[in-house]
Amino acid sequence: MTTMHTTGLTDCDLVGRMTLPLSGWTARLHRGGGHLFRLVVDPGGGSPITCTLLPQAALGQLVLGAHRARSARPAVPPAGGTVTLAYGVVPAKPMRLTFLRYRVWRPAHARQVRPVVLADRVWLAEQAGRFDEVQATVSGHTVTRLL
C-alpha cells in the first residue's frame, strides 16, 4: 500500500482519478471516514488543493474552486496558453456552467462549458482562455466564483 505524502490518504481508498487535458492538472477522489469524501486537485507543480465533501451536495459546495493555469498543451493559443478551470460537487438536478470574461465598454463574454464528472460525485471543467468568473446554475439558483 502506497501512502501519498501530501495528504495522508492511501491508494486503497482511491475512488477515482482524472487528468484534465488542457491544464494537465489531476484530480483524485478518496473515500474518507464514514460518508465523507476528499477531493485532491493537483497542479503538478506546487501544493495540491484538498477539499472535504459533505455527504449530500450543498449549494456551498456547488463550486469548490476555480483557477487559471498554463496550458499543458503548447497548441492552446488564447490568452497566451492560459486555461481556466473549475470544480465542484455534482448537484442532484441538472447544472448549467458558464465561464465569463469581462470586457471594458462591452458585454461580458460568456462561454457555456460542459463539465466532466469524476466518480458520480465531482465535476471538473476547463476552457482555454482567461476568464474572470465561473457561474453554476441549478434550478434557477446561481453560485458564482470569482478568479
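Everything below is about the structure shown above.
Residues numbered from 1 in each chain as written. Predicted model: local features only at pLDDT ≥ 70, side-chain atom pairs only at ≥ 80, totals over all residues. Heavy atoms only, no water.

Draft legend 1. Structural detail: the sheet that holds strand β7 (residues 95–103). The strand order β8-β7-β11-β12 describes an open sheet built from four strands, whose pairing is antiparallel. Because the sheet does not close on itself, it has two edges, and the strands there are β8 (106–112) and β12 (141–146). Adjacent strand axes in the sheet meet at a mean angle of 25°, parallel and antiparallel pairs treated alike. Where β7 and β8 come together, five bridges link them in antiparallel fashion. Along β8, the bridge assignment pairs Arg 101 with His 109. (Pairing = 2+ DSSP bridges. Helix = DSSP H or I, 4+ residues; strand = E, 2+ residues; numbered from the N terminus. Axes fitted to C-alpha atoms, helices over the stretch in contact; angles between N-to-C directions.)

Draft legend 2. Up close: the pairing of strand β11 (residues 133–138). Within β11, five of the six residues are buried, leaving the element largely enclosed by the surrounding structure. Sheet topology places β11 next to β12; six bridges connect them, and they run antiparallel. Paired with Ala 136 across the two strands is Val 143, which belongs to β12. (Buried < 20%, exposed > 50% of the residue type's maximum accessible area, 1.4 Å probe, protein only.)

Draft legend 3. Expanded view of the sheet that holds strand β9 (residues 116–118). One open sheet holds the four strands; their spatial order is β5-β6-β10-β9, and the pairing between them is antiparallel. The sheet is open, and its two borders are formed by β5 (65–70) and β9, each paired with just one other strand. Taking each pair of neighbouring strands and ignoring which way they run, the sheet shows an average axis angle of 25°. As defined by bridge partners, strand β6 (residues 82–89) adjoins strand β10 (residues 122–128) across seven bridges and the pair is classed as antiparallel. Considered in β10, the bridge of Val 89 is made with Val 122.

Draft legend 4. Inspection of the environment of Asp 42 at higher detail. Topologically, Asp 42 is positioned in strand β3 (residues 37–42). Given the relative accessible area of 18%, Asp 42 is considered buried. Separated by 16 residues in sequence, Asp 42 and Thr 26 have C-alpha atoms that sit 5.2 Å apart. Beyond its immediate stretch of four places on either side in the chain, Asp 42 contacts Trp 25, Thr 26, Arg 28 and Pro 48. Reaching out from Asp 42, the side chain makes a polar contact with the backbone nitrogen of Gly 44 at a distance of 2.9 Å. (Contact = heavy atoms within 4.5 Å. Polar contact = N/O pair within 3.5 Å; in protein donor to acceptor, adjacent residues only side chain to side chain.)

So yeah, pure geometry; function would need other evidence.
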